[in-house]
Amino acid sequence: MASLTVERVVAAPPQRVWRAFADPVALASWFWPPRLETDARVEAVPGGELRIRSEVADLGVSGRVSDVDEGRMLATSWRWDGEDHETAVTIELVPDDGGTRVVVRQDGFPDERATADHVTGWNDCLDRLVATA
């Protein structure tokens, strides 16, 4: 199974970046491009639900939160609508020179193509996060 790691430094304190991931309204504002009119649900507690959906793009992902260290780490399963395969995503927030280093790890890809597609997707998402911080 293949995995990925994508990082960005966001010019905002860890608590603000945490809200960008853990608050559904904040997550929906940057995760996918605005024209996709994204809805999100996040329950940042073990066993909680993660759901990010765009009706416009007919695109969605769901997961179950497995571990949380509030303000520092969120781990969840990750399954795209219509697919059986599930991966595991861990998002870590590390203070970094007045900002926050965001480290996204995703494990369990069936092949390198799926990994590469997700590297592109996470890079796009984190670029939007950096731009909105």
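Just so we're clear, the structure is a prediction, and the values are computed from it rather than from any experiment.

S.K.: Describe the environment of Pro110, listing the residues and the values that go with them.
M.R.: On the secondary structure map, Pro110 appears in the loop between β7 (99-109) and α3 (112-132). The spatial distance from the C-alpha of Pro110 to the C-alpha of Gly47 is 25 Å, given a sequence separation of 63 residues.

S.K.: Residue-level account of the packing of aromatic side chains, with values.
M.R.: Scanning all chains against the criterion turns up eight aromatic pairs. Pairing Trp78 with Trp80 gives two aromatic rings, centres 6.0 Å apart and planes at 85°, and the pair type is edge-to-face. For the pair Trp78 and Trp80, one class covers both residues: buried. Geometrically, the ring pair formed by Trp78 and Trp122 is tilted, given 5.3 Å between the ring centres and 40° between the ring planes. Placement of the pair is Trp78 in strand β5 (residues 73-80) and Trp122 in helix α3, with a sequence separation of 44 residues.

S.K.: Account for the side chain of Thr76, with residues named and values stated.
M.R.: Topologically, Thr76 is positioned in strand β5. Looking at Thr76, its side chain comes within polar contact range of the main-chain oxygen of Arg64, at 3.2 Å. Each residue touching Thr76, except ones within four places of it in the same chain, is listed here: Leu50, Gly63, Arg64, Val65, Ser66, Thr87, Ala88 and Val89.

Reading guide: rules and limits
Residues numbered from 1 in each chain as written. Predicted model: local features only at pLDDT ≥ 70, side-chain atom pairs only at ≥ 80, totals over all residues. Heavy atoms only, no water. Helix = DSSP H or I, 4+ residues; strand = E, 2+ residues; numbered from the N terminus. Phe/Tyr/Trp six-rings, centres within 6.5 Å; stacked < 30°, edge-to-face > 60°. Buried < 20%, exposed > 50% of the residue type's maximum accessible area, 1.4 Å probe, protein only. Polar contact = N/O pair within 3.5 Å; in protein donor to acceptor, adjacent residues only side chain to side chain. Contact = heavy atoms within 4.5 Å.

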